[in-house]
Amino acid sequence: MKKFELKNGNEIPALGLGTSGLRGKECTKVVKKALDLGYRHIDTADMYGNHQAIAAALNQSDIKRKDLFITSKIKSEDLKYDDLKKAAERLLNELDIEYFDLLLIHWPSPEIPVEESLKAMKELKESGKTENVGVSNFTIPLLEEALEYDSNLITVNQVEFHPTLYQKDLLDFAFKNDIILTAYSPLAQGEVFKNSVLESLGKKYDKSPAQLALRWLIEKNIVAIPKASSENHLKNNLDVFDWNFPVDAAREMELLDQNNRLIDPGYPKFN
């Protein structure tokens, strides 16, 4: 598994399992299968309502905690200082873990200053409750505000990012400030399977549009967290590291960069 180094020296697996929409026994089954197949990065959030189901999968696995990377996110209504710290403790209990590998502000709140939330997040990091701190769905102006509070605290910004939503300006800003982007909905809610460039390249090189889209992200040093529930999709999504784009395929993939550049998508849907 390829890993990217965060600004504090920690590492994050380049591919993880997104769990939005997975709940109950199905969630436990999928997460356990993913762990058996080799996934080590599991992404969840308070608003997904599946922490206890994920905990069941983690407890059924014999993988050591230090070999896992668990990400969760704090809801926007819990971003006040005291509420955030209480929420973090509750999420740890639900997941049955002692610390997060990465804790994110899920969505910014216009009513709560980001500095107040980051103060609580920083204290959680200092106390060992989370190894890394980040944000999600933050635009460039919001990232600037967060970096002004503490330029070293924010390591990750999780946003919607895929070949048909190429946020180059946001990516460039992140690189400039040593922030890793994590792409949710990396398969564009299935739209990558309808993309003519990915479809033709998939047939030509015997790769699925999903594999090409995920490799497109990883080539840009972006973490991808596709959601999958079937064993076949879990396996296919994981099979993106032991091959390279042929030269002509790389050139065609560059067309996606040129034709799908958006500065700010406005984050139209929740994840």
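Computed from a prediction, not measured in an experiment: that's the story for all the values here.

Scoring rules and cut-offs
- Residues numbered from 1 in each chain as written.
- Predicted model: local features only at pLDDT ≥ 70, side-chain atom pairs only at ≥ 80, totals over all residues.
- Heavy atoms only, no water.
- Buried < 20%, exposed > 50% of the residue type's maximum accessible area, 1.4 Å probe, protein only.
- Helix = DSSP H or I, 4+ residues; strand = E, 2+ residues; numbered from the N terminus.
- Arc of directions from axis to C-beta.
- Patch = residues over 30% accessible without salt bridge, like charges linked within 9 Å, V, L, I, M, F, W, Y side chains within 5 Å.
- Areas by Shrake-Rupley, 256 points an atom, 1.4 Å probe, with all protein chains shown as cover.
- Salt bridge = Lys/Arg side-chain N within 4 Å of Asp/Glu carboxyl O.
- Lys, Arg positive; Asp, Glu negative; His and termini not counted.
- Charge placed at Lys NZ, Arg CZ, Asp CG, Glu CD.
- Pairing = 2+ DSSP bridges.
- Core = buried A, V, L, I, M, F, W, Y, C linked by side-chain atoms within 4.5 Å.
- Contact = heavy atoms within 4.5 Å.
- Axes fitted to C-alpha atoms, helices over the stretch in contact; angles between N-to-C directions.
- Parallel < 35°, antiparallel > 145°, perpendicular 65-115°, else oblique.
- Nonpolar A, V, L, I, M, F, W, Y, C, P; charged D, E, K, R; others polar.
- Polar contact = N/O pair within 3.5 Å; in protein donor to acceptor, adjacent residues only side chain to side chain.
- pLDDT = per-residue confidence, 0-100.
- Right-handed = clockwise from strand over helix to strand, strands pointing away.
- Left-handed = near helix turned anticlockwise from the far one by under 90°.

What about helix α6 (residues 168-176)?
- Inspection of α6 places Leu170, Leu171, Phe173 and Ala174 among the buried residues, and these make up the whole buried set. Seen end-on, α6 carries its buried residues on one side only, within an arc spanning 165 degrees.
- Just beyond α6, the residue with positive phi is Asp178, at close to 60 degrees.

Focus: a negative patch on the surface
- Taken together, the side chains of Glu115, Glu144, Glu145 and Glu148 present a region of like negative charge at the surface.
- Ranked by residue count, the leading element in the negative patch is helix α5 (residues 140-149), at three residues.
- In this structure Glu148 comes out as exposed when scored by relative accessible area, which is 71%.

Quick look at the sheet that holds strand β6 (residues 102-105)
- Reading across from one edge, β3-β4-β5-β6-β7-β8-β9-β10 is the order of the eight strands in this open sheet, with parallel pairing throughout. Of all the strands in the sheet, just β3 (17-18) and β10 (223-224) have a single pairing partner and so form its edges.

Brief notes about the nonpolar core
- Core analysis: the biggest nonpolar cluster contains 89 residues, and Leu17, Val31, Ile74, Phe100 and Phe161 have the highest contact counts within it.
- Here the element with the most residues in this core is helix α8 (residues 209-219); it accounts for seven residues.
- If sequence neighbours within four positions are ignored, Leu17 has contacts with Val30, Val31, Ala34, Tyr39, His41, Ile42, Asp43, Pro226, Ala228 and Leu234.

A short note on the packing of helix α2 (residues 51-60) against helix α3 (residues 81-95)
- Relative to each other, α2 and α3 sit at 45 degrees, their axes nearing to 7 Å. On the basis of their axis angle, the class for α2 and α3 is oblique. Of α3, the residues touching α2 (which contributes His51, Gln52, Ile54, Ala55 and Leu58) are Leu91, Glu94 and Leu95.
- Class assignment for the residues of the contact of α2 with α3 results in five nonpolar, two polar and one charged.

Topic: the side chain of Ser117
- Position of Ser117 among the secondary structure elements: in helix α4 (residues 114-126).
- Within polar-contact distance, the side chain of Ser117 engages the backbone oxygen of Leu79 at 2.7 Å.
- Not counting the four nearest positions on each side in its chain, Ser117 is found in contact with Leu79, Leu84, Ile105 and Ile112.

Topic: the confidence of the model for the protein
- Considering every residue of the protein, the mean pLDDT works out to 92; 94% of them sit at 70 or more.
- In the model, residues 261-271 has pLDDT below 50 throughout and makes 36 contacts with residues more than four positions away in sequence or in other chains.

Focus on the pairing of strand β7 (residues 133-136)
- Neither face of β7 is left uncovered, since the one carrying Val133 and Val135 and the one carrying Gly134 and Ser136 both have all their residues buried.
- In this structure, β6 lies alongside β7, joined through three bridges in parallel fashion. Looking across to β7, one finds that Leu103 is bridged to Val133.
- With respect to chirality, the unit in which β7 leads through α5 into the neighbouring parallel strand β8 (residues 154-160) is right-handed.

Comments concerning α8
- Of all 11 residues in α8, 10 are buried, a share of seventy percent or more.
- For α8, the set of buried residues is Pro209, Ala210, Gln211, Leu212, Ala213, Leu214, Arg215, Trp216, Leu217 and Ile218.
- A positive backbone phi angle near 60 degrees is found at Asn221, which sits one or two residues after α8.

Re the packing of α3 against α4
- Running from amino to carboxyl end, α3 crosses α4 at an angle of 40 degrees, the nearest separation of the two axes being 8 Å. In this view, α3 runs oblique relative to α4, as classed from their interaxial angle. α4 is crossed by α3, and the crossing has right-handed handedness. Judged by residue contacts, Tyr81, Leu84, Lys85 and Ala88 of α3 engage Glu116, Ser117, Lys119, Ala120, Met121, Glu123 and Leu124 from α4.
- Considering only residue class, the contact of α3 with α4 consists of six nonpolar, one polar and four charged.

Considerations on the side chain of Thr71
- If you trace the backbone, Thr71 turns up in strand β5 (residues 69-74).
- Among the residues examined, Thr71 registers a relative accessible area of 1% and is labelled buried.
- In this view, Thr71 contacts His41, Ile42, Asp43, Thr44, Leu102 and Leu104; residues no more than four positions away in its chain are not counted.

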